[in-house]
Amino acid sequence: MAQAQVPEYVRVVEELFSKYKEFIYVGKYIQRWDAVSKITGKALFTADFLKFYKDPVYVYTVRPKYAHAYIKSIDTTEAERYPGVIKVLTAKDIPGVNDVGYVIPDQPLLADKKVRYIADPIALIVAEDKYVAAEAAELVHVEYEPLPVITDPLEVVDLKTLKEKEHVRIHEERESDIISHFKIRKGDVEKAIKEADVVVENEYRTGMQEHAYLEPEAAIAIPEADGGVTIIASTQCPFDVRKAVARVLGVTQNKVRVIVPAIGGGFGGKEDVVNEIGAKAALAAYYTGRPAVVIHTREESMIGHSKRHPMVAWYRHAAKKDGTLLAVEANIVLDTGAYASLGPFVAWRAIVHSTGPYKVPNARVDTLAVYTNNVYAGAFRGFGNPQVTFAFELQMDALAEELGMDPVDLRLKNILREGDRTVHGQLLTKEHGVGLEETLKRAIEVIDWYRKRKEYSEFAEGTLRKGIGLALLWHGNSIGVEGADYSSATIIINRDGTVTFRTGLTDFGQGAVWGLVLIAAEILGVPPQLFRIEPPDTSSTPDAGPTVASRSTVMGGAATMNAAYKLRKRINELAANMLGCSPDEIVIRAPEKEDVKPSDVEVFCKSDPSKKVKWTDVVEQSFWDGVPLQEFGFFRAPKAEWDEETGQGAPYVTYTFGTMVAEVTVDIETGAVKVDRMVTAYDIGKVINRVGAELHAEGGAIQGLGYALMEEIVHDKNGVVRTYNLSNYYTPLIDDIPDEIIPIWVESGFKRGPFGAKGLGEPSIVAIAPAIVNAINHATKHRFTQIPLTPERIYLGLKRAGKIKL
Amino acid sequence: MAFDPSKSWDTYPDIEITLNVNGKNYKVKVKPYERLIDVLRYKLGFTGVKEGCGRGECGACVVLMDGELVPSCLVLAVRANGKKIITVEGLAPEGKLHAVQKAFLDTFAVQCGFCFPGFAIAIKHLLDKNPNPSEEEIKEALSGNLCRCGSYYRLIKAAKLASEYVRQGKIYFDVKR
């Protein structure tokens, strides 16, 4: 791109990236803004607002008996007569459009013709009391015509031929139950395989993972005088909720206001389901004129919101004797369940990453997302990448074994470095920041890889075996071709010298918004303690795009930079006038103390620090001089390029890279696995929020450990969820964690990221499962290819292979 | 429940109970089926008590009832009649932090924060019984609390640090911000 075409907001980010070498706030340990309110129990989460609304109505969802059936009739009369019931709402009561589909309009808010999974909403009970509402749900009589239930995506599509099979259609209104088909076509795969010295092929399966954020979904809707509605909701994406609710109510978007209080975890799960429950609460408020509440129980949450797509994949890798990769072939099928949700986007992200962070000269990959009657799958931290990374990183270890090479050496032979092209033909330059090799080298050094790999191969103590394994990752930054990747932020300097920070990006624990404040503080010179982050509110905070795809720090940070840059420029000119030196010389600095006040901040000239004035005086002067101290910052990621037929182009603005290493001890008689130690080495360009980064390295690893070893939503053959609460869906507890997780940070610097930063939210889970399973395979000398790799699966796998006799 | 149209939904009798929450007595009318968590949260306003699962699996709602650690989602309000309840709001006087809370700050443990009230109460309960717990004892004491963001390492460190504070007689701290 010619220099003249680079937008001003990109130029600002590039300028600040090259200018800042030392930092006062960025990359430092600074307590997040809401820590005290959260540990004292004062922080308000959505359901907590109920203590202020004394006379709300409760909304309970009537769900079906069957996972797949036509609805012949719905009789609500008995439920309506139940004492305490105010109204029963069905599809015919929806004033606007009966649809909450995220990517494609395939998901009715209230089903009237057909149910497609076991929690498909049919009717809403609006009642004076939550117990009454749940009881009355039993009195809605629905006549069904049951249909055969499909829980296995391979009943819909053939994994070898990728052709749709004869099956009972789930979405007969569409041409096919295959909703997406993405392709990569590069070079001549058949020729490469013929010429290869080694070919390895395997089938891989990954489980359906549940977010299990600790706060179940909640929304409160308050009717407004103009026919609009205000919604308090636990959502990652307030502007998406606004759009969905406006559509369902049939009102314009400016009549729907969405406010986001504290959120108890999201991990991608609080995207589209909150559109659904927000709309349900809004409908009840519309019909009753009273505040209306939807709070999911844990059971409703687990059967009623999106999950991580299960994957079935067939992979074939071909290489030369020296380990050089010649070709990768793969058929990847993702089960998106009853509705598309974000499935098409997940499938796209999956295929982009499907061959791994390696030089792959020849490739043929097909990725399909198909409907089943399972709970729908959508966004979950990693978004398609953890699934394919599990497959290709186990393929790399299988290949290394066939070649008699060390897994590290095979990867060193093939990894992407500066100057290489990705499988899509995208050239990786210094501007992208390509620190993959450094993550690998530092990780294996700190863990003493070669020694342990050899020692553990021979380790056998009773029934205990030890293993060490690794996995590499790449993760595209920005949302690519999925949508317009814009972000924005507003900074307002108040007359007392404090700062108000507004963005539509949300915090659900990750702390990325605090990273934006650190960026603003760095540029303005005003310490982060003097900032107040306003809760996201569609009526006041600017639309910053959805809080997804590890984009808050990168895109939101770039927008924040723009706002802070413009403000700082004006303040420098004003202060230069007051002090009598040049604007470039203005320094704004605060003393290092926790309870810093605006009047403690000093503004002075670099060449003559005796020329100084208080920050509060500069702020006051700005009002007299007519220098506005409010500023809006915007950023839009460069457009992604993707050829639908070949998968060639430049899908992402840059990539986060990483190397994960795991050490495990396996009891081969019980199948029990203890993860002893992990190294997580990430190239995130630049660490902005150090506390947040470390917490992600730990939290992502723990959630990834769950994905690898224990977590799976299980449907029975009727599509009924058997793992519907935390008593039968297991997540890691405090005694499941590794003894230690060693974080390593590589700061390669991405020219168009804020101070060089790349995203970390999702990458932190992407390669954990393959690292752990590669270690288990090393320990057991067996090739397990499925997660979650539960004790049963390990025990049965070893028994069937004749490796244990019990 | 069988459908009986003659019955109005609120015909269950109100029962007046007395709860001592965080050192203060409250007389409150409850239904026989009402859970302690709902009374604490919605009738008395102690929303620091969080509901994560409704069946005693996640530990977000734990409170101290006469010194014992109980999930308030599994206790009927009437059974708490006359009992002394401590919630996260009662760990320290207004404007102060309890040693456990100070330790959460010192270890930079906070992420989404939804599990923290439960962890704070569980650690306080542990330290009341055992002011010098080993790492194994800490893990055992916190094994009923779920943190999905994965702050476990920090929570173990925080429990150790809090035990040091308590043993040094430092129970309450000023809030700096």
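Residues numbered from 1 in each chain as written. Chains lettered and ligands numbered in written order. Predicted model: local features only at pLDDT ≥ 70, side-chain atom pairs only at ≥ 80, totals over all residues. Heavy atoms only, no water.

## Structural notes on the packing of aromatic side chains
Link 1 in the chain: All told, the structure shown has 27 aromatic pairs over all chains when counted by the stated rule.
Link 2 in the chain: On the numbers, 5.8 Å between centres and 85 degrees between planes, the contact of Y117(A) with Y376(A) is edge-to-face. Here Y117(A), found in the loop between strand 4 (114-115) and strand 5 (123-127), pairs with Y376(A), found in the loop between strand 15 (362-371) and helix 10 (385-403); they are 259 residues apart in sequence, far enough to count as distant. A single burial state applies to Y117(A) and to Y376(A), both of which are buried.
Link 3 in the chain: Aromatic side chains Y12(B) and Y33(B) sit 5.3 Å apart centroid to centroid with 80 degrees between the ring planes, which places their arrangement in the edge-to-face category. (Phe/Tyr/Trp six-rings, centres within 6.5 Å; stacked < 30°, edge-to-face > 60°. Helix = DSSP H or I, 4+ residues; strand = E, 2+ residues; numbered from the N terminus. Buried < 20%, exposed > 50% of the residue type's maximum accessible area, 1.4 Å probe, protein only.)

## Let's talk about the interface of chain B and chain A
Link 1 in the chain: Listed by partner, the interface residues are 56 residues for chain B and 76 residues for chain A.
Link 2 in the chain: Between chain B and chain A the total buried area reaches about 5600 Å² when both faces are included, carbon and sulfur atoms providing 61% of it.
Link 3 in the chain: There are eight salt bridges connecting chain B and chain A.
Link 4 in the chain: For E694(A), the salt bridge goes to R154(B), with nearest N and O atoms at 3.1 Å.
Link 5 in the chain: There are 21 residue pairs in polar contact (both at pLDDT 80 or more) connecting chain B and chain A.
Link 6 in the chain: Among the secondary structure elements, those contributing two or more residues to the side of chain B that touches chain A are helix 1 (36-43), helix 2 (99-106), helix 3 (116-129) and helix 5 (152-167) of chain B.
Link 7 in the chain: Considering every element that reaches the side of chain B that touches chain A, the biggest residue donor is helix 5 of chain B, with four residues. (Contact = heavy atoms within 4.5 Å. Buried area = accessible area lost by both parts, 1.4 Å probe. Salt bridge = Lys/Arg side-chain N within 4 Å of Asp/Glu carboxyl O. Polar contact = N/O pair within 3.5 Å; in protein donor to acceptor, adjacent residues only side chain to side chain.)

## A word on the state of the cysteines
Link 1 in the chain: All chains considered together, the criterion is met by one disulfide over all chains.
Link 2 in the chain: Sulfur-sulfur distance for the disulfide between C581(A) and C605(A) comes to 2.1 Å. Of note, the bridge from C581(A) to C605(A) carries an S-S torsion of about -85 degrees and is left-handed in sense. Of the two residues, C581(A) is situated in the loop between helix 15 (552-579) and strand 20 (586-589) and C605(A) in strand 21 (residues 602-605); the sequence distance between them amounts to 24 residues.
Link 3 in the chain: For the unlinked cysteine C53(B), the closest cysteine sulfur is that of C58(B), found at 3.9 Å.
Link 4 in the chain: Free cysteine: C115(B), not disulfide-bonded; nearest cysteine sulfur from C147(B) at 3.9 Å. (Disulfide = S-S within 2.5 Å.)

## Quick look at helix 14 (residues 512-524) of chain A
Along an α-helix, residues three or four apart share an orientation, since each turn contains 3.6 residues.
Residues and elements named next belong to chain A.
Link 1 in the chain: Counted at 1.5 Å a residue, the expected span for helix 14 with its 13 residues is 18 Å, and the 19 Å between its end C-alpha atoms agrees.
Link 2 in the chain: With respect to burial, helix 14 is a largely interior element, 13 of its 13 residues being buried.
Link 3 in the chain: Once helix 14 ends, the next one or two residues include G525, with phi positive near 85 degrees. (Expected span 1.5 Å × (residues − 1).)

## Concerning the domain arrangement of chain B
Residues and elements named next belong to chain B.
Link 1 in the chain: What the domain assignment reports for chain B is domain 1 (15-90) and domain 2 (96-174).
Link 2 in the chain: Each side of the interface is counted separately: domain 1 has 17 residues, and domain 2 has 14 residues.
Link 3 in the chain: Of the roughly 1200 Å² buried between domain 1 and domain 2 on both sides combined, carbon and sulfur atoms contribute 66%.
Link 4 in the chain: Broken down residue by residue, the surface that domain 1 buries against domain 2 is led by L64, L69 and V88, which jointly contribute 36%.
Link 5 in the chain: Its salt-bridge partner being E68, residue K129 comes within 2.9 Å of it at the nearest N-O pair.
Link 6 in the chain: At the surface where domain 1 touches domain 2, the tally comes to three residue pairs in polar contact (both at pLDDT 80 or more).
Link 7 in the chain: If one sorts the elements of the side of domain 1 that touches domain 2 by residue count, strand 3 (residues 62-65) sits on top with three residues.
Link 8 in the chain: Looking at side-chain class alone, the side of domain 1 that touches domain 2 contains eight nonpolar, five polar and four charged residues. (Domains from an automatic or database assignment. Nonpolar A, V, L, I, M, F, W, Y, C, P; charged D, E, K, R; others polar.)

## Regarding the side chain of N477(A)
Residues and elements named next belong to chain A.
Link 1 in the chain: Assignment of secondary structure puts N477 in strand 16 (residues 464-477).
Link 2 in the chain: For N477, a relative accessible area of 2% gives the class buried.
Link 3 in the chain: Separated by 3.1 Å, the side chain of N477 and the backbone oxygen of H475 make a polar contact.
Link 4 in the chain: Contact partners of N477, with chain neighbours within four places excluded, come to V554, Y652, V653, T654, Y655, T656, K758 and G759.

## Observations regarding the environment of P216(A)
Link 1 in the chain: As for its placement among the helices and strands, P216(A) is situated in the loop between strand 8 (198-206) and strand 9 (218-223).
Link 2 in the chain: Residue class for P216(A) comes out buried when judged on its relative accessible area of 7%.
Link 3 in the chain: It is 39 Å that separates the C-alpha atoms of P216(A) and H782(A), two residues lying 566 residues apart in sequence.
Link 4 in the chain: Aside from chain neighbours lying at most four places away, what touches P216(A) is H296(A), T297(A), R298(A), S301(A), E51(B) and G52(B).

## Side note on the sheet that holds strand 13 (residues 311-319) of chain A
Residues and elements named next belong to chain A.
Link 1 in the chain: Taken in spatial order, the five strands of this open sheet run 7-15-14-13-8, and their pairing is mixed. Of all the strands in the sheet, just strand 7 (178-186) and strand 8 have a single pairing partner and so form its edges. The average undirected angle you get between the axes of adjacent strands in this sheet is 5 degrees.
Link 2 in the chain: Summarising the sheet, strand 7 and strand 15 pair through eight bridges and their orientation is antiparallel. Among the inter-strand pairings, F182 is bridged to a residue of strand 15, identified as T367. (Pairing = 2+ DSSP bridges. Axes fitted to C-alpha atoms, helices over the stretch in contact; angles between N-to-C directions.)

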